[in-house]
Amino acid sequence: MVSYRKFSSSLDARQVFGEMTKRSLYQWNTLLKSLSRDKRWEQVLCHFTQMFRDGEKPDNFTLPVALKACVELRKVKYGEIIHGLVNKYATIGSDLYVGSSIIDMYAKCGRMPEALRVFDELDKPDIVTWSSMVSGFEKNGFPFEAVEFFRRMAMALDVFPDRVTLITLVSASTKLSNSRLGSCVHGLVMRRGFEKDLSLLNSLLNCYAKSRAFKDAVTLFNMMAEKDVISWSTVIACYVQNGAATEALRVFHEMVDNGTEPNVATMLSVFQACAAAHDLDQGRKSHELAIRKGVETDVKVSTALVDMYMKCFSPEEGYAVFSRIPKKDVVSWVALISGFTLNGMAHRSVEGFAMMLRENNTRPDAILMVKILGSCSELGFLEQAECFHSYVIKFGFDSNPFIGASLVELYSRCGSLGNASKVFNEINLKDTVVWTSLITGYGIHGKGTEALETFNHMVKSSKVEPNEVTFLSVLSACSHSGLLHEGLRIFELMVRDYRLAPSLEHYAVLVDLLGRVGELDTAIEITKGMPFSPTPQILGTLLSACRIHQNGEMAEAVAKTLFEMESNHAGYYMLMSNMYGAKGEWDYVEKLRISVKDRGIKKGLAESLIDIKRKVHRFVADDNMHPKKELVYRLLKELDLHMKEDLEDSAYIEFEGDSL
DNA sequence: ATAGGGTTAG
């Protein structure tokens, strides 16, 4: 016998009835109801059983409560027993409340076939019952079936969707990322007179945002008479995800001016926007706001802050925030580790990893491993790579294709193509990324022929399809080896046979290839004919080609355009100085260096430097490319004022590996 | 008198 005194914190009703020896059906029901209101599901089932022992027969008021408890406790077996009980005493069709509770119980426990069987026993399902079915399909990962069921419901003339049904339907459309379906539901929402239902509109807004109907999302947002923090946050996140970070920040300010209080979710998107826009000032201001709102202590918020400072090239500020996180999770460590590498401080990433292992309360996950292997790649330190490799094996990460691909890349960046192909051969499930990594590896070592062979092997003998990145790698390999005709053939293959749309990057590599082999006119033609307007990067490539082929006239024309586009682009100065430097005109280099300093070019400099550092690796690997590699190193040193840390300074760190 | 379905920002 259970003592009711134990639950004295609950309602009076229980205390009163608890003293009685024999309860009436009504009293049992009241007791169960009050227990369910307090979410004491164990107790609900316990008393439900007790009720049986007392010889009381549950009625149509008792059963839904008991079934709800089964759902909450995930006790399908108990639910099945109740279902059997109901069948024994009455037909299910006799009470819709009981019927829909049984359906909902099966649906929520992932047993749609049973739910459907009960549903089909009903004579006249009402809107709640229909909705339970739609929701069941939607929740169990069958959004398509949910929509189909809704269609079936629409055929029945006696039921009309209410706001709950429509919300479920919008959720299904979102899962299908089908904005056309979303707008159909939108129309239905209007016709049914729910055009002022905020949660319904927010769901629709989210549906448009998630199914890449950017314009529809904005239109709906602008039309909404009432907006809450969710509406604003949805739209801010939508802008960020569509690469419109500045716009996202504008909307954020509008929201604040509007008097809507931002919350954790809002701030997360805001920090993402600051990071994407590299807007450190705005980032700092938003950080202060987060402190004022008292949300800085949230792990997600502080992690987003670390990420933001890192992406705004202020690693020390990022590290400061990181140090203050009381309960760091694996995502926080990822932000720190990838952030340091982004800032050209890969050795601090490795130190961070060691620190994490010492603290011994966070287990690295696959994402973290991919990141740290990438950091190690930046270092280009073979012994360190081998150390990480053994760590990967020891903790069983080697079956993950992403990690396999990272290892292939790591070894090739450390100059060990032998190990790279060995790792490659040992990977059981080679996906596109794995194949692409090996191709990239051959590419950066100037082994264009091997890259092409690997590509052909991939296409012919495996079921893996090359993607945009694969083609980028192959093209880039051709470019580094000066394989003009092969490169052009690959480009054609990509467009014609694989129907892949070349991105700006593909054009950039193509221009690079043409430039390297001296086809400067064709390169310029391609730049003009591509479906994008040329970016500073592409013009930079052209400029670099002019440098190699000593075409001063064309170089100046390109440089002029580049300068007009972005007078503060650090890469421009780098390339110009490279060009003059190559001619031995060191006084020009010095002038440019001073000019960089005077103009206070900071934004983008760190990024360019890292980019240049990557290129340095390529130059080093590529013998015939750059006769004076030292030149590049020297320029790097000259311009490295803003970035104190250097790749060579890093120390080798060993991992004991048993710490977790 | 007591009972059944729902979503949305990261």
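Computed from a predicted model, the values in this text were never measured in an experiment.

Draft legend 1. Region of the structure containing the overall build of chain A. Scanning chain A from N- to C-terminus turns up 37 helices and 0 strands. Taken across its 660 residues, chain A has 51% of its residues classed as buried. Of the roughly 32,300 Å² of accessible surface on chain A, a fraction of 53% belongs to carbon and sulfur atoms.

Draft legend 2. Fine view of the packing of helix H6 (residues 96–108) against helix H8 (residues 127–139). Where H6 meets H8, the axes come as close as 9 Å, and the angle between the chain directions of the two elements is 0°. The angle between H6 and H8 falls in the class roughly parallel. Counting all contacts with H6, which are made through Leu96, Ser100, Ile103, Asp104 and Ala107, the residues of H8 involved are Thr129, Ser132, Met133 and Gly136. Looking at the contact of H6 with H8 residue by residue, the class counts come to 4 nonpolar, 4 polar and 1 charged.

Draft legend 3. Seen up close, unusual backbone geometry. One non-glycine residue, Ser177, lies in the positive phi region at around 35°. Mapped onto the secondary structure, Ser177 falls in the loop between helix H10 (163–175) and helix H11 (179–191). A positive phi angle is found at His278, which is not glycine, with a value near 50°. For His278, a relative accessible area of 26% puts it in the partly exposed group.

Draft legend 4. Layout of the pattern of salt bridges. Taken as a whole, this structure holds 19 salt bridges when the rule is applied. As a salt-bridge pair, Lys175 and Glu138 come within 2.7 Å of each other at their nearest N and O atoms. Placement of the pair is Lys175 in helix H10 and Glu138 in helix H8, with a sequence separation of 37 residues. Its relative accessible area of 5% is what places Glu138 among the buried residues. The shortest N-O distance in the salt bridge between Arg348 and Glu316 comes to 2.8 Å.

Draft legend 5. Just the protein's contact with DNA strand B, in detail. Taken together, 43 residues are adjacent to DNA strand B, and Tyr26, Lys33, Lys139, Asp162 and Ile167 come closest. Put simply, 42% of the atoms of DNA strand B that lie within 4 Å of the protein are in sugar or phosphate. In the model, a base nitrogen of DNA strand B is placed 3.1 Å from a nitrogen or oxygen of the Thr129 side chain. In the environment of DNA strand B, a base nitrogen lies 2.8 Å from a nitrogen or oxygen atom belonging to the side chain of Asn263.

Draft legend 6. Quick peek at helix H31 (residues 520–529). The set of residues buried in H31 consists of Leu520, Ala523, Ile524 and Thr527. One face of H31 carries all of its buried residues, which in axial projection span an arc of 95°. More than 90 degrees from the buried face of H31, the exposed residues found are Asp521, Glu525 and Gly529. Contact partners of the buried residues in H31: helix H30 (504–516), helix H32 (536–548) and helix H33 (552–565).

Draft legend 7. Spotlight on the packing of aromatic side chains. The full count for this structure, using the stated rule, is 18 aromatic pairs. Ring geometry for Phe137 and Phe149: centres 5.5 Å apart, planes at 45°, overall tilted. Here the residue Phe137 occupies a position in helix H8, and Phe149 occupies one in helix H9 (residues 143–155), the gap between them amounting to 12 residues. Using a relative accessible area of 5% as the deciding quantity, one classes Phe149 as buried. When the centroid spacing of 5.1 Å and the interplanar angle of 75° are considered together, the rings of Phe221 and Trp232 count as edge-to-face. Of this pair, Phe221 sits in helix H13 (residues 214–223) while Trp232 sits in helix H14 (residues 229–241), placing them 11 residues apart in sequence. Residue classification places Phe221 among the buried residues on the basis of a relative accessible area of 5%. By way of ring pairs, the aromatic residues Phe119, Trp130, Phe137 and Phe149 are connected into one cluster. Here Lys227 stacks its cationic end above the ring of Phe221, 4.5 Å away from the centre of that ring. The ring centre of Tyr319 lies 5.4 Å from the NZ or CZ of Arg348, which sits over that ring.

Draft legend 8. Highlighting the UniProt feature "repeat: PPR" (unreviewed entry) in chain A. According to UniProt, the "repeat: PPR" (unreviewed entry) feature falls on residues 24–58, 126–156, 197–227, 228–262, 431–466 and 467–497. Across residues 228–262, the secondary structure splits into 74% helix and 0% strand, with the terminal C-alpha atoms separated by 10 Å.

Draft legend 9. The arrangement of the packing of helix H3 (residues 41–53) against helix H4 (residues 62–72) in detail. Axis separation between H3 and H4 bottoms out at 9 Å; the angle between their running directions is 135°. By the angle between their axes, H3 is oblique relative to H4. The two elements H3 and H4 meet at a crossing, and its hand is left-handed. Where H3 approaches H4, its residues Trp41, Val44, Leu45, Phe48 and Met51 are matched on the opposing element by Thr62, Leu63, Val65, Ala66, Lys68, Ala69, Cys70 and Glu72. Here the contact of H3 with H4 is built from residues that sort into 10 nonpolar, 1 polar and 2 charged.

Draft legend 10. Helix H28 (residues 468–481), seen in detail. Between its first and last C-alpha atoms H28 spans 20 Å; for 14 residues at 1.5 Å apiece the expected length is 20 Å, and the two agree. Measuring from the side-chain oxygen of the N-cap residue of H28 to the backbone nitrogen of Val469 gives 2.9 Å; that N-cap residue is Asn467. A positive phi of about 65° marks Gly482, the residue just after H28.

Draft legend 11. Representation of the environment of Phe119. Within the element layout of this structure, Phe119 appears in helix H7 (residues 112–121). Relative accessible area serves as the criterion here: at 2%, Phe119 is assigned to the buried category. For the pair Phe119 and Thr129, spaced 10 residues apart in sequence, the C-alpha separation works out to 7.9 Å. Those residues in contact with Phe119 that lie beyond four places of it in its chain are Ile103, Pro125, Thr129, Trp130, Met133, Phe149 and Arg152.

Draft legend 12. Up close: the side chain of Thr168. Along the chain, Thr168 turns up in helix H10. For Thr168, a relative accessible area of 12% corresponds to the buried category. Of the polar contacts made by the side chain of Thr168, one reaches the backbone oxygen of Val164; its length is 2.8 Å. Excluding residues that lie within four positions of it along the chain, Thr168 makes contacts with Val134, Ser135 and Glu138.

Calculation criteria
- Residues numbered from 1 in each chain as written.
- Chains lettered and ligands numbered in written order.
- Predicted model: local features only at pLDDT ≥ 70, side-chain atom pairs only at ≥ 80, totals over all residues.
- Heavy atoms only, no water.
- Helix = DSSP H or I, 4+ residues; strand = E, 2+ residues; numbered from the N terminus.
- Buried < 20%, exposed > 50% of the residue type's maximum accessible area, 1.4 Å probe, protein only.
- Areas by Shrake-Rupley, 256 points an atom, 1.4 Å probe, with all protein chains shown as cover.
- Axes fitted to C-alpha atoms, helices over the stretch in contact; angles between N-to-C directions.
- Parallel < 35°, antiparallel > 145°, perpendicular 65-115°, else oblique.
- Contact = heavy atoms within 4.5 Å.
- Nonpolar A, V, L, I, M, F, W, Y, C, P; charged D, E, K, R; others polar.
- Salt bridge = Lys/Arg side-chain N within 4 Å of Asp/Glu carboxyl O.
- Near = heavy atom within 4 Å.
- Polar contact = N/O pair within 3.5 Å; in protein donor to acceptor, adjacent residues only side chain to side chain.
- Arc of directions from axis to C-beta.
- Phe/Tyr/Trp six-rings, centres within 6.5 Å; stacked < 30°, edge-to-face > 60°.
- Lys NZ or Arg CZ within 6 Å of the ring centre and 35° of its normal.
- UniProt positions renumbered as here; feature names shortened; annotations may be inferred.
- Left-handed = near helix turned anticlockwise from the far one by under 90°.
- Expected span 1.5 Å × (residues − 1).

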